[in-house]
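As a plain string of letters, each chain reads:
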Protein chains: 2
Amino acid sequence: MLANIRIVLVQTYHPGNIGASARAMKTMGLTDLVLVTPRQFPDPEASRLAAGAEDLVANARVVGSLEEAVADCVQVVGASARLRSLPLPHFDEPADMAQTLVGNAAEDPVALVFGRERFGLTNDEIRRCSHQVSIPANPDYGILNLSQAVQVLAYEVFKAWRLRPGSDYRPARPTPERQPTREQLDHFHAHLARVMQASGFLTQPHARTESQLQALFARAQPSRKELSLLRGLLSALEDTRPGD
Amino acid sequence: MLANIRIVLVQTYHPGNIGASARAMKTMGLTDLVLVTPRQFPDPEASRLAAGAEDLVANARVVGSLEEAVADCVQVVGASARLRSLPLPHFDEPADMAQTLVGNAAEDPVALVFGRERFGLTNDEIRRCSHQVSIPANPDYGILNLSQAVQVLAYEVFKAWRLRPGSDYRPARPTPERQPTREQLDHFHAHLARVMQASGFLTQPHARTESQLQALFARAQPSRKELSLLRGLLSALEDTRPGD
């Protein structure tokens with residue numbers, strides 16, 4: 001599915017942007033990179049900026065036209081910073097674009113097309129697209145660096161993919177800590193209340209103060225280990241009360 | 001509100017990453033940049049990569065410790081690629097982190113903290129944070145370039161800000177085209193049906209075929225201008241039928 005999602009860079013000027021784009025792609029599970037008449041490629045800068053994604057750079061296909069790059073694609077989304085007068089279907093939200101792209105990529109190749117650093121895509125190139133997408137940005141300064149735009153859109157594509165129904169993507173998590181039982185929590189509350197009274201902080205049982213502190217600790221969701229730690233602290237406080 | 005959101009870069013090695021991060025920030029409406037003991041700063045590379053965000057670099061505060069950088073902040077989120085054994089509250093989803101950050105930024109300064117390119121943040125530095133966030137990525141290659149991580153998280157922060165209830169952010173849109181009336185659409189359907197019959201494509205009125213084509217055109221949501229264009233084409237086809 002992600003393998004069906006092609007990133008097409010049209011006439012990239014700086015080879016470093018090719019490398020940085022490849023790295024951005026790989027962090028988001030994409031691998032299919034196609035370059036349309038890059039100004040300077042291959043180039044050491046492309047490899048350097050690619051970091052651990054040199055394989056994507058090495059396997060990148062170089063073609064002579066956008067037509068050639070997307071001929072087999074069922075959806076072609078042009079990333080465009082500026083609005084066009086052409087009434088091509090337009091996604092204001094990259095997240096919405098990503099939903100449709102990932103959906104179509106289940107069966108067929110699809111493409112996300114990026115233009116030149118300074119000039120973006122020409123109107124003829126936009127005509128080769130089925131959709132446009134722009135990245136909502138600061139109205140006073142809204143042009144992202146090319147590889148940053150690739151990173152943001154790839155991030156949204158990866159997000160749509162991992163959150164789709166039936167996805168088996170799981171974030172790496174440490175083994176969850178065991179939670180205390182109600183009885184263990186009750187013992188802790190009683191211990192806390194004893195220490196508050198014995199210290200003189202409360203002169204008598206005070207339900208409101210006690211339950212406020214209980215609520216605070218409840219929000220922290222202490223694990224069993226942490227509750228033990230707190231009980232240990234309370235015991236130490238009981239043993240070292242001033243005046244003993 | 002966005003002005004209350006501080007980006008803190010800890011011991012950045014490459015000055016180019018400082019510049020590229022500043023650019024990423026500015027595209028997403030952020031302006032407050034603080035550098036904790038950067039290796040090499042100021043530096044021409046920082047200015048060069050900043051592009052139109054040189055003002056952020058020029059105004060960046062340089063401090064000697066993370067403690068100093070975030071002393072006045074009510075929420076400090078550490079961006080961390082790797083999991084820690086410290087049970088700090090952790091956001092799996094940058095979007096969730098952004099909601100809380102933007103909420104807190106209404107009244108007070110908050111911070112998003114990024115570590116060194118190779119080593120991230122130390123455990124001591126994580127202890128200075130109230131939360132951690134990671135960017136879900138390719139399990140086989142999940143470390144984003146520093147300025148790319150800044151771009152992605154800044155993008156989510158800007159998104160949370162512009163989509164909040166009461167936001168007055170509006171994407172730039174061309175003036176919407178005027179839609180045709182039902183009567184104009186009926187005339188178009190009738191014209192289309194006439195041409196289909198006159199051409200021999202339909203030998204008699206065929207409700208199913210006609211309504212299928214009507215549905216296709218309806219999905220395209222033609223504007224008034226486009227409908228005129230289609231009517232003009234149909235008229236030209238009527239005038240040039242073979243055999244006339």
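Analysis parameters
- Throughout this document, residue positions are counted from 1 along each chain, in the order its sequence is written.
- All chains are assigned letters beginning with A, and all ligands numbers beginning with 1, in the order in which they are written.
- It should be noted that, the model being predicted, local features are given only for residues of pLDDT at least 70 and side-chain atom pairs only at 80 or more, the latter also being counted only at that level, while totals for whole chains, interfaces and linings use all residues.
- Hydrogens and waters are ignored; side-chain quantities use all the structure's heavy atoms.
- UniProt positions are given in the numbering used here, feature names are shortened, and annotations may be inferred rather than shown by experiment.
- In this description, strands pair whenever DSSP reports at least two bridges between them.
- Strands here are runs of E lasting at least two residues and helices are runs of H or I lasting at least four, both read from the DSSP assignment and numbered beginning at the N terminus.
- In this description, contact between two residues means that some pair of their heavy atoms is separated by no more than 4.5 Å.
- Each axis is a line fitted through C-alpha atoms, and for a helix only the stretch in contact is used; angles between axes span 0 to 180 degrees, taken between their N-to-C directions.
- You can read pLDDT as the predictor saying how much it trusts each residue, on a scale of 0 to 100.
- When a carboxyl oxygen of Asp or Glu is within 4 Å of a side-chain nitrogen of Lys or Arg, the pair counts as a salt bridge.
- Burial status follows relative accessibility: with a 1.4 Å probe on protein chains alone, a residue under 20% of its type maximum counts as buried, one over 50% as exposed, and anything between as partly exposed.
- Multiply 1.5 Å by the residue count of a helix minus one, and that product is the helix's expected span.
- Note on definitions: buried area is the accessible-area loss of two parts on being combined, 1.4 Å probe, summed for both.
- Whenever a nitrogen or oxygen atom comes within 3.5 Å of another N or O atom, the pair is scored as a polar contact, on the condition that within protein one atom can donate a hydrogen and the other can accept it, and that pairs from neighbouring residues in sequence are kept only if both atoms are in side chains.
- Residue polarity follows a fixed list, in which Ala, Val, Leu, Ile, Met, Phe, Trp, Tyr, Cys and Pro are nonpolar, Asp, Glu, Lys and Arg are charged, and the others, Gly among them, are polar.
- Superposing the copies works by least squares over the C-alpha atoms of residues that have pLDDT at least 70 in both of them.

For chain A, an unreviewed UniProt entry supplies the name tRNA (cytidine/uridine-2'-O-)-methyltransferase TrmJ and the organism Billgrantia campisalis. The UniProt entry for chain A carries this comment under Subunit (unreviewed entry): "Homodimer." Note on chain A: under the UniProt heading Subcellular location (unreviewed entry), the record states "Cytoplasm".

**Side note on the sheet that holds strand β4 (residues 75–79) of chain A**
Residues and elements named next belong to chain A. Read from one edge to the other, the open sheet built from seven strands follows the order β3-β2-β1-β6-β4-β7-β5, with strand pairing classed as parallel. Each of the sheet's edge strands pairs with one partner strand only, and the pair in question is β3 (61–63) and β5 (90–91). Helix α7 (residues 146–162) rests against β1 (5–10), β4, β6 (110–114) and β7 (131–133) of the sheet, and its axis sits at about 155° to β6.

**What to know about the sheet that holds strand β4 (residues 75–79) of chain B**
All names here are of chain B. With respect to topology, seven strands assemble into an open sheet ordered β3-β2-β1-β6-β4-β7-β5, the strand pairing being parallel. The outermost strands of the open sheet, each flanked by one partner alone, are β3 (61–63) and β5 (90–91). Here strand β1 (residues 5–10) pairs with strand β2 (residues 32–36) via five bridges, running parallel. Bridged to valine 8 within β2 is valine 34. Helix-sheet contacts for helix α1 (residues 15–27) involve β1 and β2, and the interaxial angle to β2 is about 155°. The strands touched by helix α7 (residues 146–162) within the sheet are β1, β4, β6 (110–114) and β7 (131–133), with β6 carrying the most contacts at an inclination of about 155°.

**A look at the confidence of the model for chain A**
Scored by pLDDT, chain A comes out at a mean of 91, with 95% of its residues at no less than 70. With pTM at 0.87, the complex prediction returns an ipTM value of 0.86.

**Digging into the pattern of salt bridges**
One pass over the full model with this rule turns up 20 salt bridges over all chains. Here A:Glu93 makes a salt bridge to B:Arg162, at a shortest N to O gap of 2.6 Å. With A:Glu93 in the loop between β5 and α5 (94–104) and B:Arg162 in helix α7, the pair connects residues from two separate chains. For B:Arg162, a relative accessible area of 6% gives the class buried.

**Quick word on α7(A)**
With 17 residues, α7(A) extends 24 Å from end C-alpha to end C-alpha; this agrees with the ideal 24 Å at 1.5 Å per step. Burial of α7(A) is extensive: 17 of the 17 residues sit out of reach of the surface.

**Notes on the interface of chain B and chain A**
Residue-level contacts link 43 residues of chain B with 43 residues of chain A. Interface area, chain B with chain A, both sides summed: about 3300 Å², of which 53% is carbon and sulfur. On the chain B side of the contact with chain A, B:Tyr141, B:Gln148 and B:Tyr155 bury the most area, a combined 20% of that side's loss. Put simply, chain B and chain A have 17 residue pairs in polar contact (both at pLDDT 80 or more) between them. Of all elements in the fold, only α1, α5 (94–104) and α7 of chain B reach the threshold of two or more residues within the side of chain B that touches chain A. Of the residues belonging to the side of chain B that touches chain A, the class tally is 25 nonpolar, nine polar and nine charged.

**A word on the relation of the copies chain B and chain A**
Overlay of chain B on chain A (RMSD 0.1 Å): rotation 180°, translation along the axis 0.0 Å. Taken together, the rotation and translation relating the two chain copies correspond to the operation of a two-fold axis. Comparing interface residues between copies, 100% of those in chain B also sit at the interface in chain A, which points to an isologous, same-surface contact.

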